[in-house]
Amino acid sequence: MKIKTTLCTALLLPFVTIAAPKNIIYMIGDGMGPAYTTAYRYYMDNPETKVVDPTVFDSMLKGMAHTYPDDHTYVTDSAAGATALATGTKSYNGAIAVDTQKHDLTTMLEIAKHLGKTTALVATSQINHATPASFAAHNESRRNYDEIANDYIDNKIDGKLAVDLMLGGGTKYFIRKDRNIVNEFKEAGYVYADDFNKLNDIKSLPALGLFAEVAFPSAIDANPNRLEKMTTKALSLLDKQNEKGFFIMIEGSQIDWCGHANDVACAMHEMHDFANAITVAKRYVDNNPDTLLVITADHSTGGLTLGANGEYKWLTDVVRGVKASAVTITEALLKTDDIAKTWTAYSDISLSKEDLAALETAKKESDKALNKAIKNVINTASFTGWTTGGHTAVDVQVFAHGNSAMDFVGSQNNTAIADKLIGYIKQ
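Starting afresh in each chain, residues are numbered from 1 along the sequence in its written order. Residues qualify for local features only when their pLDDT is at least 70, as the model is predicted, and side-chain atom pairs are given and counted only at 80 or more; totals for whole chains, interfaces and linings, by contrast, use all residues. Processing note: side-chain calculations cover all non-hydrogen atoms of the structure and skip hydrogens and water entirely.

1. Focus on the overall build of the protein
No. 1: Helix and strand assignments come from DSSP, with helices taken as H or I runs of at least 4 residues and strands as E runs of at least 2, each series counted from the N terminus. Of the regular secondary structure elements, the protein holds 17 helices and 16 strands.
No. 2: It is over C-alpha atoms that the radius of gyration is taken, and the globule rule equals 2.2 Å times the number of residues to the power 0.38. Relative to its length of 427 residues, the protein is compact, with a C-alpha radius of gyration of 23 Å against a globular reference of 22 Å.
No. 3: Seen along its three principal axes, the alpha-carbon backbone of the protein occupies a region of about 75 × 70 × 45 Å.
No. 4: Three exposure classes are used, based on accessible area relative to the maximum for each residue type with a 1.4 Å probe and protein chains only: buried under 20%, partly exposed in between, and exposed over 50%. Within the protein, buried positions represent 56% of all 427 residues.
No. 5: Here the protein contributes 41 positively and 51 negatively charged side chains, and the mean placements of these two sets differ by 4 Å. In this count, Lys and Arg are taken as positive residues and Asp and Glu as negative ones, while His and the chain termini are left out. To locate a charge, take NZ of a lysine, CZ of an arginine, CG of an aspartate or CD of a glutamate.

2. Focus on the sheet that holds strand S2 (residues 61-66)
No. 1: Here 10 strands make up an open sheet; going across it, the order is S7-S8-S6-S3-S9-S1-S10-S15-S2-S16 and the pairing mixed. Where the open sheet ends on each side, the last strands, each with one partner, are strand S7 (191-193) and strand S16 (410-413). Adjacent strand axes in the sheet meet at a mean angle of 15 degrees when their direction is disregarded.
No. 2: Where strand S10 (residues 291-296) lies against strand S15 (residues 396-402), 4 bridges are found, and the strand directions are antiparallel. Pairing of leucine 293 across the sheet is with histidine 401, part of S15.
No. 3: The contact criterion used is simple: two residues touch if any of their non-hydrogen atoms lie within 4.5 Å. Helix axes are fitted only over the stretch in contact, all axes being lines through C-alpha atoms; the angle between N-to-C directions runs from 0 to 180 degrees. Contacting strand S1 (23-29), S2, strand S9 (246-252), S10, S15 and S16, helix H17 (residues 414-426) crosses the sheet at an angle of about 85 degrees to S16. If DSSP finds at least two bridges between two strands, the strands pair.

3. A few points about the pattern of salt bridges
No. 1: A pairing counts as a salt bridge when a side-chain nitrogen of Lys or Arg comes within 4 Å of a carboxyl oxygen of Asp or Glu. Tallying each qualifying case throughout the model produces 12 salt bridges.
No. 2: Glutamate 270 serves as the salt-bridge partner of arginine 226, at 3.0 Å between the closest nitrogen and oxygen. Placement of arginine 226 in helix H9 (residues 226-240) and of glutamate 270 in helix H11 (residues 264-287) is noted, with a sequence separation of 44 residues between them. Pair check on accessibility: arginine 226 and glutamate 270 agree, each one buried.
No. 3: Residue arginine 226 pairs with aspartate 273 through a salt bridge whose shortest N-O separation is 2.9 Å. Note that arginine 226 is positioned in helix H9 and aspartate 273 in helix H11, a separation of 47 residues in sequence.
No. 4: Among the residues examined, arginine 226 registers a relative accessible area of 0% and is labelled buried.

4. With respect to helix H6 (residues 145-154)
No. 1: Along H6, 7 of the 10 residues are buried, which leaves the element largely enclosed by surrounding structure.
No. 2: Residues of H6 that are buried: Tyr145, Ile148, Ala149, Asn150, Asp151, Tyr152 and Ile153.

5. Some points on the confidence of the model for the protein
No. 1: Confidence scores per residue from the predictor, reported as pLDDT, run from 0 to 100. Per-chain confidence: the protein averages 95 in pLDDT, with 96% of residues scoring 70 or above.
No. 2: Here helix H1 (residues 7-12) stands out as the element of the protein with the lowest mean pLDDT, 44, in contrast to S1, whose mean of 99 is the highest.
No. 3: Note on residues 1-16: pLDDT is under 50 here. Beyond four places in sequence and across chains, it has 2 contacts.

6. Some words on the state of the cysteines
No. 1: When two cysteine sulfur atoms lie within 2.5 Å, the pair is treated as a disulfide. Evaluation of the coordinates by the stated rule reveals 1 disulfide.
No. 2: The disulfide that involves cysteine 258 links it to cysteine 266, with 2.0 Å between the sulfurs. Between cysteine 258 and cysteine 266, the S-S torsion sits near -50 degrees, and that sign places the bridge as left-handed.
No. 3: A relative accessible area of 1% means that cysteine 258 is categorised as buried.
No. 4: On the accessibility criterion, cysteine 266 (4% relative accessible area) is buried.

7. Thoughts on the nonpolar core
No. 1: Among the nonpolar cores identified, the biggest contains 126 residues, and Ile25 and Tyr152 are the most heavily contacted of them.
No. 2: No other element matches the 14 residues that H11 contributes to this core. Joining through side-chain atoms within 4.5 Å is the link that ties buried Ala, Val, Leu, Ile, Met, Phe, Trp, Tyr and Cys residues into a set, and such a set is a nonpolar core.

Now the structure itself:
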């Protein structure tokens, strides 16, 4: 006989609890406001089909997060944003895991380490930049790069180093005249690599990989899938030491830098690398149901808009036709006597007489003027708008996949994301 379950009988059934995720993959697209994920969808779209296909972001969208710092300026920097995302506490712009009184805040990475989990940080910036730093260091200023690098070796959790795996840039800060922190990591038993081509030579943890003096080159200029490769390597290493689980923060650092530069082609290449890294992480979650993937941004950068100058269009073919960052194009045009010919090696945009004249005039003025003129040509041709070279206060998207993903549905403070993740880690 088939039994019909009513509300009353349902209330009498045993309460089923779902175990908290064992592993946390936390991905932060620095500067990646909603316009960036929208732009990426159109950038990747096949114009031969009627429907605009969704991206990996669209499949995991859960909610929005408020990014304001601990004051009423409303516009955060990466340090305050990352501090909120790492600790669950708002602080001032420039703060690295310290509160407004400059007292240390405990981060979720430190909690994970205390509880015996394996920990990791991955970034395309220097590994001691604001976002990764806010998970494993404490400093009153994000600009104190040497002190932050020192913290990575000096900041101990129960007598142990806080981070088991670090992949990014920053040899300038870790190998200095006053202190060779790389040697200290080696003495502590860490595998060390400084050649990105030998990333796969890292076979065990703990490990430190520093693959650039400061940050990686822009994805549009070199190593277009460096974050994807580091994410793949990191998850393979963490999976081997997964008895108590792991916590990893992976940052798409340079989405923000391209936004500051108002360089749309640069930004889309960074978004593509970040999206590919997300795909790797999502695949890991699909194969490991005890894992949660959460993706968000610390803020949005540049005030990016799709459509400009009163025109109802955004031309992705123009953006896709740009083959280098504005910085690289500037360097090339400064060296040439034939701007028009050299331009064709870096962009499919046809220069008008007015465009060519503007570039020639800007070149005579200064490097900065030339860089600005180059971006003006690209942005005008593609109908891309920007409102600032800084950050904006718009809410950012929250994406999640796997165990407990639905906990991130709705409008929430960025600190609420941290509070939930810390709660899972502590269970």
